[in-house]
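# Coordinate inspection notes
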Amino acid sequence: MEIWINPACSKCRSAVRLLDEEGAEYTVRRYLDDVPDESEIREVLGRLGLEPWDITRTQEAAAKELGVREWPRDAAARDRWIAALAAHPKLIQRPIITADDGTAVVGRTDEAVRDAMGRLGG
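Each value, and the rule that gives it
- Residues numbered from 1 in each chain as written.
- Predicted model: local features only at pLDDT ≥ 70, side-chain atom pairs only at ≥ 80, totals over all residues.
- Heavy atoms only, no water.
- Pairing = 2+ DSSP bridges.
- Helix = DSSP H or I, 4+ residues; strand = E, 2+ residues; numbered from the N terminus.
- Right-handed = clockwise from strand over helix to strand, strands pointing away.
- Contact = heavy atoms within 4.5 Å.
- pLDDT = per-residue confidence, 0-100.
- Core = buried A, V, L, I, M, F, W, Y, C linked by side-chain atoms within 4.5 Å.
- Buried < 20%, exposed > 50% of the residue type's maximum accessible area, 1.4 Å probe, protein only.
- Axes fitted to C-alpha atoms, helices over the stretch in contact; angles between N-to-C directions.
- Phe/Tyr/Trp six-rings, centres within 6.5 Å; stacked < 30°, edge-to-face > 60°.

### Points about the pairing of strand β2 (residues 27–30)
Two elements, strand β1 (residues 2–5) and β2, share four bridges in a ladder whose sense is parallel. Considered in β2, the bridge of isoleucine 3 is made with valine 28. In terms of handedness, the path from β1 via helix α1 (residues 10–21) over to β2 forms a crossover that is right-handed.

### Topic: the environment of proline 7
Note on placement: proline 7 falls in the loop between β1 and α1. For the pair proline 7 and proline 95, spaced 88 residues apart in sequence, the C-alpha separation works out to 9.9 Å. Those residues in contact with proline 7, other than ones at most four positions away along the chain, are Arg13 and Arg30.

### Here we look at the confidence of the model for the chain
Overall, the predicted model of the chain reaches an average pLDDT of 94, with 98% of residues at or above 70. The element-level mean pLDDT for the chain is lowest in helix α5 (residues 110–120), coming to 83, with helix α4 (residues 78–87) highest at 98.

### Considering the nonpolar core
With 21 residues, the main nonpolar core has Ile41, Leu48, Ile55, Trp81, Leu85, Ile92 and Ile96 as its most contacted residues. Of all the elements in the fold, those that place two or more residues in this core are α2 (38–48) and α4. For this core, the element with the most residues is α4, which contributes five residues. Those residues in contact with isoleucine 92 that sit more than four places away from it in its chain are Tyr31, Pro36, Ile41, Ile55, Arg57 and Leu85. Membership of the second largest hydrophobic core comes to 15 residues, among which are Met1, Ala15, Val105 and Ala116.

### Considering the sheet that holds strand β3 (residues 96–98)
To summarise the sheet geometry, strands pair through backbone hydrogen bonds and adopt either a parallel or an antiparallel arrangement. Reading across from one edge, β2-β1-β3-β4 is the order of the four strands in this open sheet, with mixed pairing throughout. Edge positions in the sheet fall to β2 and β4 (104–106), since each of these pairs with one other strand and no more. Taken pair by pair, the neighbouring strands of this sheet meet at an average axis angle of 20°, ignoring direction.

### Observations concerning the packing of aromatic side chains
With the rule as written, the count across this model stands at three aromatic pairs. Measuring from ring centre to ring centre gives 5.8 Å for tryptophan 53 and tryptophan 81, while their planes differ by 70°; the resulting arrangement is edge-to-face. With tryptophan 53 in the loop between α2 and α3 (61–66) and tryptophan 81 in helix α4, this residue pair connects regions lying 28 residues apart in the sequence. Given a relative accessible area of 13%, tryptophan 53 falls into the buried group.

Below is the structure:
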């Protein structure tokens, strides 16, 4: 299991604390330092069953500068969104928990993290 975190994020710290309390084995990826490339973002989106706009933090300064809220949310625009996430990793919703079995969740609540541990064998 791997968790993408920003250490400054309270939701990320909560998720890590819960994983630790439950004794889960996982690897931390500080995705702002170890930025996922476009292919990794595509893979995670596939695992999540989501589109790039579903995991984009539209309130971030970079999102406002890029004007992503006005971007189309369709198949033709998908690569543009993914490129923006790779170029501006702060736009990626967090934390994202991935597992070797091919599943992933956005762990923004304790319930989502517990669900991930149950489904991911944590």
